[in-house]
Amino acid sequence: MALVVHILITAVAVWVTTALPGIALGDQGGGTDGVATQALTLLVVAVVFGIVNVVLKPVAKTLGCLLYILTLGLFGLVVNALLFWLTSWIAGNLDLPFHVDGFWPAFWGAIIVTVVSSALHGLVRRATSFGD
């Protein structure tokens, strides 16, 4: 259940990034079918983003350890942007209508995904612990 919640939160965070210039969720048409197609696209992109992060982020952290130390962790922003951009490239290869135009939209998009998903995870954590 936690995995499903994590995917949903990531999908919402990715959806928020589509408000930024340079990040596009393709035109799905109008009506209920368009909304359902966009939601499915966001869910698949969230899964791809999760897989990219699980597989490549530890490798990037290991290889860029010195850069992380020298920049006091700010290099992590660059790594996150590159992983978000890679997710866009993979989505394009999977014929998903999600596209990030370049590094700077990916940079800001990765920051937005981090902030929104952290906030939503905090809300979910608070809501589930409220009943305890």
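Conventions and cut-offs
- Residues numbered from 1 in each chain as written.
- Predicted model: local features only at pLDDT ≥ 70, side-chain atom pairs only at ≥ 80, totals over all residues.
- Heavy atoms only, no water.
- Helix = DSSP H or I, 4+ residues; strand = E, 2+ residues; numbered from the N terminus.
- Contact = heavy atoms within 4.5 Å.
- Axes fitted to C-alpha atoms, helices over the stretch in contact; angles between N-to-C directions.
- Parallel < 35°, antiparallel > 145°, perpendicular 65-115°, else oblique.
- Left-handed = near helix turned anticlockwise from the far one by under 90°.
- Core = buried A, V, L, I, M, F, W, Y, C linked by side-chain atoms within 4.5 Å.
- Buried < 20%, exposed > 50% of the residue type's maximum accessible area, 1.4 Å probe, protein only.
- Phe/Tyr/Trp six-rings, centres within 6.5 Å; stacked < 30°, edge-to-face > 60°.

Undergrad: Explain the environment of Gly26 residue by residue, including any values.
TA: With respect to the element layout, Gly26 can be found in the loop between strand E1 (23-25) and helix H2 (31-63). Apart from residues no more than four positions distant in its own chain, Gly26 is found in contact with Gln38 and Pro97.

Undergrad: Describe the packing of helix H1 (residues 2-17) against helix H5 (residues 103-130), with residues and values.
TA: Between H1 and H5, the shortest axis-to-axis distance is 8 Å and the interhelical angle comes to 140°. Comparing their axes, H5 and H1 come out oblique. As H1 packs across H5, the resulting crossing turns out to be right-handed. Between H1, through Val5, His6, Ile9, Val12, Ala13, Val14, Val16 and Thr17, and H5, the contact on the second element is made entirely by Gly109, Ile112, Val113, Val116, Ser117, Leu120, His121 and Val124.

Undergrad: Could you give me a rundown of the environment of Arg125, with the residues and numbers involved?
TA: Within the fold, Arg125 resides in helix H5. Separated by 40 residues in the primary sequence, Arg125 and Trp85 have C-alpha atoms spaced 29 Å apart.

Undergrad: Go over the nonpolar core with me, naming the residues and quoting the values.
TA: If you look at the biggest cluster of nonpolar residues, it comprises 20 residues, and the most contacted ones within it are Val14, Val45, Phe84, Phe98, Val100 and Val113. Looking at this core, the elements with two or more residues in it are H1, E1, H2, helix H4 (75-93), strand E2 (98-100) and H5. With five residues, H5 is the single largest residue contributor to this core. The contacts of Val113, once residues within four sequence positions are left out, are Ala13, Val14, Thr17, Phe49 and Phe84. Grouped together as the second largest cluster of nonpolar side chains are five residues, Val48, Val52, Val79 and Leu83 included.

Undergrad: Any details on the packing of aromatic side chains? Residues and values, ideally.
TA: On inspection of all chains with the given rule, the structure shows seven aromatic pairs. Centre to centre, the rings of Phe49 and Phe84 are 5.5 Å apart; their planes meet at 85°, and the pair counts as edge-to-face. In this pair, Phe49 sits in helix H2 while Phe84 sits in helix H4, placing the two residues 35 residues apart along the sequence. For the pair shown, Phe49 and Phe84 are each scored as buried. Considering the side-chain rings of Tyr68 and Phe75, the 5.5 Å spacing of their centres and the 90° angle between planes classify their relative orientation as edge-to-face. Judged by its relative accessible area of 15%, Tyr68 falls in the buried class. Aromatic ring contacts, followed pair by pair, group Phe103, Trp104, Phe107 and Trp108 into a single cluster.

Functional significance is not addressed by these values, which are geometric in nature.
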